[in-house]
Amino acid sequence: MLTQRRLFGTNGIRGVVNKELTPELAVKIGVAIGTFFGKSTLIVGFDARTSSPMLAKAVMAGLNAAGCDILFAEMAPTPALQYAVKTRKVDGAVIITASHNPPEYNGIKVVWKDGIELSREQEIKIENIFFNKNFRLAEWHKIGTVQKLHEIIDEYIEAIKNHIDISQIAEKKYHVVVDAANSVGNLAAPRLLRDLGCKVTTINGNIDGTFPGRTPEPRPEHLRELSLTVKAVGADLGVAYDGDADRAIFVDEKGEIYWGDKTFALVEKFFLKDNPSEKIVTPVSSSTLVKDIADAYGGELVWTKVGSVTVSQTMKKLKAKLGGEENGGIFYGPHQSVRDGAMATALILDIMAKTNKKLSKLLSELPKYFIEKSKVECPEELKTKTLEKLIEQTKGLNTSTIDGVKIWFEDKSSILIRPSGTEPIYRLYAEAKKPEKAQQLINRYTEKLKKIIESLKG
Ligand code: MG
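Residues numbered from 1 in each chain as written. Predicted model: local features only at pLDDT ≥ 70, side-chain atom pairs only at ≥ 80, totals over all residues. Heavy atoms only, no water.

With respect to helix H15 (residues 435-457)
Working step 1: Compared with the 33 Å implied by 1.5 Å per residue over 23 residues, the 33 Å span of H15 between its first and last C-alpha is a close match.
Working step 2: For H15, every residue scored as buried is listed here: Lys437, Ala438, Leu441, Ile442, Tyr445, Thr446, Leu449, Ile452 and Ile453.
Working step 3: In the core, the buried residues of H15 are packed alongside strand S15 (370-377), helix H14 (383-393), strand S17 (405-408), strand S18 (414-419) and strand S19 (425-432). (Helix = DSSP H or I, 4+ residues; strand = E, 2+ residues; numbered from the N terminus. Expected span 1.5 Å × (residues − 1). Buried < 20%, exposed > 50% of the residue type's maximum accessible area, 1.4 Å probe, protein only. Contact = heavy atoms within 4.5 Å.)

See below:
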């Protein structure tokens, strides 16, 4: 991913440590970021990866060389660092994390003064500085300083507590199992939950950058241990975070694991009950369930391209207060317009306490959809043409072409057909009120897609 004339992917710069992402490269990227910010103060922090302290020091050397002063927070959850950007009124942050990637990866996320990751336009400015070597090095007496930054996790936990009914939750004495994948989620969520009167059981609770417990991507298939633990200890709730704790996936008291758009729809429902006619922002990869809830409770749904930065930027532009993704990202604007795993956990407990209902019951009350997925191989060079043909062939249907093609049908079924950003394939996701209908849609559009690709190869 670092080979093209592009540094940034969908969520920052990512690569395999000491192969693609070396300390030498990190110093240069640090100088490029520092040149972009100019005279400024930036927070630097990192996740639990083995390579994070090394890369943080390299990036900081580059930032200092460009004249940036640093408040060094060391290890912390990404949302805690983003929150600190706002409260400390600094110019931005640089976070060393590869989020959900395997342990051999690391990455560099750059955050603007509003706490949101940089827009694509801002990233291009840094890429231009980097590739054209327009580095601006400070004179010897203007080299930046490094000061330690303390207590940001305490402030972050206190801030979350302002948005929920603490005593109502504490009365219930919930038992919660936390699986933070041996990473930074362990630094905030267990403490927050104890402050909320919960009994906390942790699995993968020690910090270990080799991620021995599970892969840091909280997909349902990786969370069997969490599900079994919730049942074994008779807990009320289980929650799993990704490697930098901005995404949260929930498990009900029966051990059932839910995709993020389902739990997001629950948060959306109770948010709209209190705030009717607000805008709700979600990528086209989310279930129609999110639209159903918006329609039922008077909200206005805004579909976006897939990607958390797009959701945050759209929320900012539209002054929307709530966003969510199917991968477990919940963006609660009154706290901050970025995804935040601990905030999401607090919101779910708040709903459970307010309604006095178990999570399984709350989720069973939402409209139900069945999902089918498939993929079709497509050479990189044919991806754009394939999409053009597909758009042409689906004209007249109720579609969105904001990201791939999404088609909604009269009977509430839908299909999303999207080129993968990282592999030579197209992915298809169908959902419907009946499982056989979802399968039919997958079959029909897999065929259609294959025909288009074959004809282009012709
Ligand atoms: Mg993440």
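Past the structure itself, the notes keep going.
Examining the side chain of Ser308
Working step 1: Within the fold, Ser308 resides in helix H11 (residues 308-318).
Working step 2: Owing to a relative accessible area of 5%, Ser308 belongs among the buried residues under this scheme.
Working step 3: In contact with Ser308, other than residues within four places in its own chain, are Asn11, Glu117, Glu325, Phe331 and Arg339.

Describing the side chain of Thr35
Working step 1: As for its placement among the helices and strands, Thr35 is situated in helix H1 (residues 23-37).
Working step 2: Among the polar contacts listed, one links the side chain of Thr35 to the backbone oxygen of Val31, at a separation of 2.7 Å.
Working step 3: Among the polar contacts made by the side chain of Thr35, one reaches the main-chain amide nitrogen of Arg136 at a distance of 3.1 Å.
Working step 4: Discounting chain neighbours no more than four positions away, the residues touching Thr35 are Ala66, Ile129, Asn134, Phe135 and Arg136. (Polar contact = N/O pair within 3.5 Å; in protein donor to acceptor, adjacent residues only side chain to side chain.)

So, the packing of aromatic side chains
Working step 1: Going through the model one piece at a time under the given rule, you end up with eight aromatic pairs.
Working step 2: Seen in terms of ring centroids, Phe36 and Phe37 are 5.2 Å apart; in terms of plane orientation they differ by 85 degrees. Their pairing is edge-to-face.
Working step 3: Pairing Phe46 with Phe72 gives two aromatic rings, centres 6.0 Å apart and planes at 50 degrees, and the pair type is tilted. One end of the pair, Phe46, is in strand S2 (residues 41-46); the other, Phe72, is in strand S3 (residues 69-75), and 26 residues separate them in sequence. The residues Phe46 and Phe72 share a single accessibility class, namely buried.
Working step 4: A connected cluster of aromatic rings, assembled from ring pairs, spans Phe36, Phe37 and Trp112.
Working step 5: For the cation-ring pair, Lys433 lies above Tyr369, with the distance from its terminal atom to the ring centre recorded as 4.2 Å. (Phe/Tyr/Trp six-rings, centres within 6.5 Å; stacked < 30°, edge-to-face > 60°. Lys NZ or Arg CZ within 6 Å of the ring centre and 35° of its normal.)

Some thoughts on the pairing of strand S8 (residues 199-203)
For a regular strand, side chains alternate in direction, first toward one face of the sheet and then toward the other.
Working step 1: When strand S7 (residues 175-179) meets S8, the two strands line up parallel, connected through five bridges. From the neighbouring strand, His175 faces S8, where its bridge partner is Lys199.
Working step 2: Handedness of the crossover joining S7 and S8 through helix H7 (residues 189-195): right-handed. (Pairing = 2+ DSSP bridges. Right-handed = clockwise from strand over helix to strand, strands pointing away.)

Description of the sheet that holds strand S9 (residues 237-241)
Working step 1: Taken in spatial order, the four strands of this open sheet run S8-S7-S9-S10, and their pairing is mixed. What marks the edges here is a single partner per strand, and that holds for S8 and strand S10 (248-251). In this sheet, neighbouring strand axes are inclined to one another by 25 degrees on average, regardless of whether the strands run parallel or antiparallel.
Working step 2: Along the sheet, helix H12 (residues 341-355) contacts S7, S9 and S10; its crossing angle with S9, the most-contacted strand, is approximately 165 degrees. (Axes fitted to C-alpha atoms, helices over the stretch in contact; angles between N-to-C directions.)

Quick word on the coordination of the magnesium ion
Working step 1: Distances from the magnesium ion to its protein donors, Ser99 (OG), Asp242 (OD), Asp244 (OD) and Asp246 (OD), fall at 2.0 to 2.1 Å.
Working step 2: Each donor residue of the magnesium ion belongs to the same chain, and together they define the spacing S-x142-D-x1-D-x1-D. Across the pair, Asp246 and Asp244 agree in class, each one buried. (Donors = N, O, S within 2.8 Å, 3.2 Å for Na, K, Ca; no water.)

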